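So you can see what is in the structure, the chains are spelled out below.
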Amino acid sequence: MTNDISVFDAVPQAPADVIFSLTAQYKADTDPNKVNVGVGAFRTDDLKPYVLPVVKKADTVLFNDASLDHEYLPIAGTPSYTQAASRLILGQNSPAIRESRVAAVQTISGTGANHTGATFLAQFYKKSPKCYISKPTWANHRNIFSMVGFEVDEYPYWNAEKRGLDYEAMLDTMRAAPEGSVFILHACAHNPTGVDPTREQWKGIAQVMREKNHFPFFDCAYQGFASGDLDKDAWAVRYFVEQGFELFVAQSFAKNFGLYGERAGNLTIVTKSPEEAKRVFSQMEKLQRSEISNPPAYGSRIVDICLNDPALYAEWKENLQYMSNRIIEMRKALFDRLTALGTPGTWNHITDQIGMFSFTGLNATQVKLLKEKYHIYMTDNGRISMAGLSTKNVDYFAKAVDDVVRNV
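Because the structure is a prediction, the values reported are computed rather than measured.

**So, the sheet that holds strand β8 (residues 215-220)**
Phase 1 of the analysis: Read from one edge of the open sheet, seven strands run β2-β10-β9-β8-β7-β3-β4, paired in mixed fashion. Pairing within the sheet leaves two strands with one partner each, and these edge strands are β2 (102-108) and β4 (151-156). Each strand of the sheet is rotated relative to its neighbour by a mean of 25 degrees, with strand direction disregarded.
Phase 2 of the analysis: Bridging between strand β9 (residues 247-252) and strand β10 (residues 264-270) involves six bridges; their strand directions are antiparallel. Counted as the bridge partner of L247 is V270 from β10.
Phase 3 of the analysis: Packing against the sheet, helix α5 (residues 109-124) makes contact with β2, β7 (182-186), β8, β9 and β10, and its axis sits at approximately 155 degrees to β9.
Phase 4 of the analysis: Docked against the sheet, helix α6 (residues 139-147) engages β3 (130-135), β4, β7 and β8, running at close to 145 degrees with respect to β4.

**Describing the environment of D166**
Phase 1 of the analysis: By secondary structure assignment, the location of D166 is in the loop between β6 (164-165) and α7 (167-176).
Phase 2 of the analysis: Spatially, the C-alpha atom of D166 lies 28 Å from that of G149, the residues being 17 residues apart in sequence.
Phase 3 of the analysis: Apart from residues no more than four positions distant in its own chain, D166 is found in contact with P156, Y157, W158 and N159.

**Comments concerning α6**
For an α-helix, 3.6 residues make a turn, and residues three or four places apart therefore share a direction.
Phase 1 of the analysis: Within the sequence span of α6, burial applies to H141, I144 and F145. The buried side chains of α6 occupy one side of the element, clustering within an arc of 85 degrees when seen end-on. Opposite its buried face, α6 presents the exposed residues A139 and M147, each directed more than 90 degrees away.
Phase 2 of the analysis: A positive phi of about 110 degrees marks G149, the residue just after α6.

**Quick notes on the packing of helix α14 (residues 310-341) against helix α17 (residues 394-407)**
Phase 1 of the analysis: Look at α14 against α17: their axes get within 9 Å of each other, and the N-to-C directions meet at 45 degrees. Taken together, the axes of α14 and α17 lie oblique to each other. Seen from above, α14 lies across α17 with right-handed handedness. Along the contact surface, α14 presents A333, L334, R337, L338 and L341, while α17 presents V394, D395, F397, A398, K399, V401, D402 and R406.

**Notes on the pairing of β4**
Phase 1 of the analysis: Bridging between β3 and β4 involves six bridges; their strand directions are parallel. Residue pairing in the sheet places S134 in a bridge with Y155 of β4.
Phase 2 of the analysis: With α6 bridging β3 and the parallel β4, this β-α-β connection has right-handed handedness.

Thresholds, definitions, all that
Residues numbered from 1 in each chain as written. Predicted model: local features only at pLDDT ≥ 70, side-chain atom pairs only at ≥ 80, totals over all residues. Heavy atoms only, no water. Pairing = 2+ DSSP bridges. Helix = DSSP H or I, 4+ residues; strand = E, 2+ residues; numbered from the N terminus. Axes fitted to C-alpha atoms, helices over the stretch in contact; angles between N-to-C directions. Contact = heavy atoms within 4.5 Å. Buried < 20%, exposed > 50% of the residue type's maximum accessible area, 1.4 Å probe, protein only. Arc of directions from axis to C-beta. Parallel < 35°, antiparallel > 145°, perpendicular 65-115°, else oblique. Left-handed = near helix turned anticlockwise from the far one by under 90°. Right-handed = clockwise from strand over helix to strand, strands pointing away.

Set out below in structure tokens:
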């Protein structure tokens with residue numbers, strides 16, 4: 001007698017990913033005026049994908065390297081790559097690097113770095129089962145940490161009335177959290193709000209975290225892309241290291257190298273001693289072996305070449321300036337047009353925010369009308385990717401926003 005009930009009978013249908021679903025809707029739309037400000041990928045002013053010129057040069061180096069093969073990389077990745085990535089975020093003169101208190105593992109972009117770090121902490125970090133993410137945060141943070149067993153809670157971040165950082169409420173939550181909790185902190189260009197703490201506020205955050213013995217887990221997807229200055233965008237991480245914190249930093253090279261599909265990432269680990277760094281690294285290798293065996297080569301080779309060649313490194317910084325400046329110009333253009341239209345409300349937050357995203361303050365009803373009436377695609381929380389705007393569509397976008405703000 002056969003059992004007619006499938007073993008998968010109780011598996012529920014998972015909801016579609018919001019961003020990828022939005023992109024699919026946009027692609028299916030035939031309206032010539034359609035605008036996609038949902039996806040977090042850089043676009044030129046012609047709204048085309050941007051292959052960095054320095055990446056093309058690194059491609060040529062790889063193509064002409066007769067010694068190159070397709071053998072496996074080491075389990076933790078290529079040392080010249082992981083070490084260069086750590087130097088990039090921690091700084092050439094980092095005390096942690098000087099004292100050999102740093103370990104690093106190549107990961108499947110920033111998502112893999114978050115997951116690898118979270119999995120390690122779930123196994124070895126015994127101070128607290130609580131992990132705190134900002135409200136709001138990147139959609140994957142909750143999934144990653146909850147799926148490895150953390151109790152995920154939120155700390156206040158976006159103040160809708162001020163359209164800025166809810167700093168005091170954030171500190172209050174940190175003070176009230178169980179001692180030794182893990183806090184996920186965006187190193188720069190907070191996703192989705194575009195609002196970053198000031199340096200003085202970062203100092204206050206570090207002070208409270210030290211008092212409560214919390215563990216900082218930085219996520220850094222936009223170094224150099226946010227402000228155009230690699231060192232400025234890494235300031236918060238470096239300050240925490242200087243203050244003696246042990247910490248993790250998840251790094252992604254998707255945005256700042258335009259290597260979205262190549263999945264080049266890194267997890268940098270700062271410990272108290274060289275001996276601890278070695279032990280942690282050994283466990284990271286064991287974890288990595290069981291999950292991906294070893295990381296993919298192509299994207300990391302591109303980054304490796306660019307970070308370790310002085311001429312290409314200088315050119316990369318110029319490419320970053322172009323990307324960062326275009327985003328800043330679009331912020332100013334949108335602010336100027338909304339101001340000229342006399343759109344109700346205050347819009348200075350558009351230019352105050354930083355990085356790829358802006359939290360506009362538009363509500364779900366207004367977002368729905370923008371899609372139905374103007375074929376403008378964005379997430380329901382009003383977050384827009386500034387890279388989806390250009391000199392060709394910013395007038396159309398501003399007028400559409402003006403209309404829905406006035407009438408909804």
